[in-house]
Amino acid sequence: MTENDHRAAVVTGASSGIGRATAARLAAQGWTVYALARRAERLQSLVDEVPEGTGTVIPLPADVTDTADVERVREQVEAAGRVDTVLCIAGGARGTDRVADGRLEDWDWMYRVNVLGTLNVTQAFLPMLRATGRGTLLILTSTAALASYEGGGGYNAAKMGQHGLAGALRLEEAEHNVRVIEVLPGLVHTEEFSLNRLRGDQQAAEKVYAGVENPLTADDVADVCTYAVSAPHHVNLDQVVMRPVAQASQFKLIRKSQ
Ligand code: NAP
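A brief report on the enclosed structure follows. Source: prediction; values computed, not measured.

Re the packing of helix H1 (residues 17-28) against helix H8 (residues 218-230)
Consideration 1: Taken N-terminus to C-terminus, the directions of H1 and H8 make an angle of 50°; their axes are 8 Å apart at the nearest point. Relative to H8, the element H1 is oriented oblique. Where H1 crosses over H8, the two elements pack in a sense that is right-handed. Contact residues: H1 offers Gly17, Ile18, Ala21, Thr22, Arg25 and Leu26, while H8 offers Ala218, Asp219, Val221, Ala222, Asp223, Cys225, Thr226 and Val229.

Section: the site of the ligand
Consideration 1: The environment of the ligand is made up of 31 residues, and the closest members are Ser15, Ser16, Arg38, Tyr155 and Thr190.
Consideration 2: The contact in question runs from an oxygen atom of the ligand to an N or O atom on the backbone of isoleucine 89, over 3.0 Å.
Consideration 3: One nitrogen or oxygen atom from the main chain of valine 188 is found 3.1 Å from an oxygen atom belonging to the ligand.
Consideration 4: In isolation the ligand has 880 Å² of accessible area, and contact with the protein removes 96% of it.
Consideration 5: Elements with a minimum of two residues in the shell around the ligand: H1, helix H4 (104-132), helix H5 (153-173) and helix H6 (193-197).
Consideration 6: Taken together, the residues of the shell around the ligand break down into 13 nonpolar, 13 polar and five charged.

Re the sheet that holds strand E2 (residues 32-37)
Consideration 1: Spatially, seven strands are ordered E3-E2-E1-E4-E5-E6-E7 in an open sheet, and the strand pairing comes out parallel. On the outer flanks of this sheet lie strand E3 (56-61) and strand E7 (239-242), each paired with one strand and no other. With direction set aside, neighbouring strand axes in the sheet form an average angle of 15°.
Consideration 2: In this sheet, E7 lies alongside strand E6 (residues 179-185) in parallel orientation, the contact comprising four bridges. From the neighbouring strand, glutamate 182 faces E7, where its bridge partner is glutamine 239.
Consideration 3: Helix-sheet contacts for helix H2 (residues 40-49) involve E2 and E3, and the interaxial angle to E3 is about 175°.
Consideration 4: Where H4 meets the sheet, its contacts fall on strand E1 (8-12), strand E4 (85-88) and strand E5 (136-140), and the angle it forms with E4 comes to roughly 175°.

Describing the pairing of E5
Consideration 1: Where burial is concerned, most of E5 is hidden: five out of the five residues are buried.
Consideration 2: Along E5, one buried face is formed by Thr136, Leu138 and Leu140 and the opposite face, lined by Leu137 and Ile139, is buried too.
Consideration 3: Bridge count between E4 and E5: four bridges; the pairing is parallel. The partner of valine 86 across the bridge, within E5, is leucine 137.
Consideration 4: Remark: the E4/H4/E5 crossover connection has right-handed handedness.

Topic: the environment of aspartate 223
Consideration 1: Tracing the sequence through the fold places aspartate 223 in helix H8.
Consideration 2: Along the backbone, aspartate 223 and isoleucine 18 are 205 residues apart, and their C-alpha atoms lie at a distance of 9.8 Å.

Considering the nonpolar core
Consideration 1: Residues Leu87, Leu138 and Val183 are the most contacted members of the largest nonpolar core, which totals 32 residues.
Consideration 2: For this core, the secondary structure elements donating two or more residues are E1, H1, E2, H2, E5, E6, H8 and E7.
Consideration 3: With six residues, the single largest contributor to this core is H8.
Consideration 4: For leucine 138, the residues in contact, after removing those within four places along its chain, are Val86, Leu87, Cys88, Ile181, Val183, Cys225, Ala228 and Val229.
Consideration 5: Grouped together as the second largest cluster of nonpolar side chains are 28 residues, Val77, Val83, Val113 and Val180 included.

Side note on the pairing of E2
Consideration 1: Among the six residues of E2, five are classified as buried, and the element is accordingly described as predominantly covered.
Consideration 2: Where E1 lies against E2, five bridges are found, and the strand directions are parallel. When the bridges of E2 are listed, threonine 12 appears paired with leucine 36.
Consideration 3: Of the crossover connections in this fold, the one passing from E1 over H1 to the parallel E2 is right-handed.
Consideration 4: Direction of pairing for E2 relative to E3: parallel, over a ladder of six bridges. Each residue of the ladder has a partner; that of alanine 35, found in E3, is proline 59.
Consideration 5: Assessed by its sense of winding, the connection that carries the chain from E2 through H2 to E3 is right-handed.

Conventions we followed
Residue numbers run consecutively from 1 along every chain, following the written order of its sequence. Local features are withheld for residues below a pLDDT of 70 in this predicted model, meaning they are given only at 70 or higher, and side-chain atom pairs are given and counted only at 80 or more; totals for whole chains, interfaces and linings count all residues. Remark: hydrogens and water are excluded; side-chain values derive from all non-hydrogen atoms of the structure. Axis lines are fitted to C-alpha atoms, over the contacting stretch for helices. Their N-to-C directions set the angle, which ranges from 0 to 180 degrees. We count a stretch as a helix when DSSP gives it H or I for four or more residues in a row; a strand needs E for two or more, and each element gets its number in order from the N terminus. Any angle that is under 35 degrees is reported as roughly parallel, and any over 145 degrees as roughly antiparallel; angles of 65 to 115 degrees are reported as roughly perpendicular and all others as oblique. Put simply, a crossing is left-handed when the front helix is turned counterclockwise from the back one by less than a right angle, and right-handed when it is turned clockwise. Between two residues, a contact is recorded if the distance between any of their heavy atoms is within 4.5 Å. Near residues are defined by distance, with any heavy atom within 4 Å of the molecule or strand qualifying the residue. Any N or O atom pair separated by 3.5 Å or less is treated as a polar contact, with the protein-specific requirement of one donor-capable and one acceptor-capable atom, and with residues adjacent in sequence counted only for side-chain atom pairs. For the accessible areas, the method is Shrake-Rupley and the probe is 1.4 Å, while residue cover comes only from the protein chains on display. Gly falls in the polar group here, along with every residue not listed as nonpolar (Ala, Val, Leu, Ile, Met, Phe, Trp, Tyr, Cys, Pro) or charged (Asp, Glu, Lys, Arg). Only when DSSP finds a minimum of two bridges between them are two strands counted as paired. Whether a residue is buried, partly exposed or exposed follows from its accessible area with a 1.4 Å probe, protein chains only, as a fraction of its type maximum: under 20%, in between, or over 50%, in that order. Call a crossover right-handed when, viewed with both strands pointing away from you, the route from the first strand across the helix to the second goes clockwise. The definition of a nonpolar core used throughout is a set of buried Ala, Val, Leu, Ile, Met, Phe, Trp, Tyr and Cys residues joined through side-chain atoms within 4.5 Å.

Following this line, the structure appears as structure tokens:
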């Protein structure tokens, strides 16, 4: 029996984009995946897509910002078995206002979903991860956690907060043999991220990726997350920064003219 036999994971943000692609990839590799997000119908469509003879996806509709909801889900997972891996991928951005004009409700939403959502899920599942003797927690932050940019203040603050949580947790949990992996992607072209950030304006959302040759895709990030949680447990990819080649840094994004 190898380390990767009978692996089971909770994946948050599994209804769309990176979380969905990661849940699908893990299931395709034989994992049991507890898929968490608010939209139940989207989680069900993920269940329906898993090819027969591979792993299993179990939908768990829940809100990561609601502590009681997360606790309910933890009880469901415990009753069904246990997990050795948790991937905190749920999150997002709201607004591109400068700090001077930032809307408190946007900042509040970003802090709640990215930081407090990760905290809720981490606190709920840590005892289970410790009990396995070799747990894995993956936290999906962003290159927005590494460098601020104009119009990014609220998202920078939230992702830097989540990054701070990941760093402290890695130090605190090493004695419990729980590895903490942080994946920090740059520009990823997903269906909903920019649409949500830009308040449903489809044209503005498309402009974010206009002329960029090969932005990262959800599958690209899912590959890295899947690799990171499948590597032998003593190997900790503690911070993985990934960007498209066209985005050599936060401030260099090559756009071909249209
Ligand atoms: P996305 O397609 O908008 O997916 C966000 C996911 O989070 C959805 O599954 C959503 O599900 C879930 N979610 C949001 N609020 C939630 C809540 N309160 N409770 C439970 N689930 C919640 O975005 P994405 O591009 O895949 O982004 C995924 C993660 O990567 C985020 O943390 C984002 O900040 C980060 N990231 C994205 C990019 C990018 O360029 N796209 C780059 C770097 C990092 P429901 O709405 O169904 O709840």
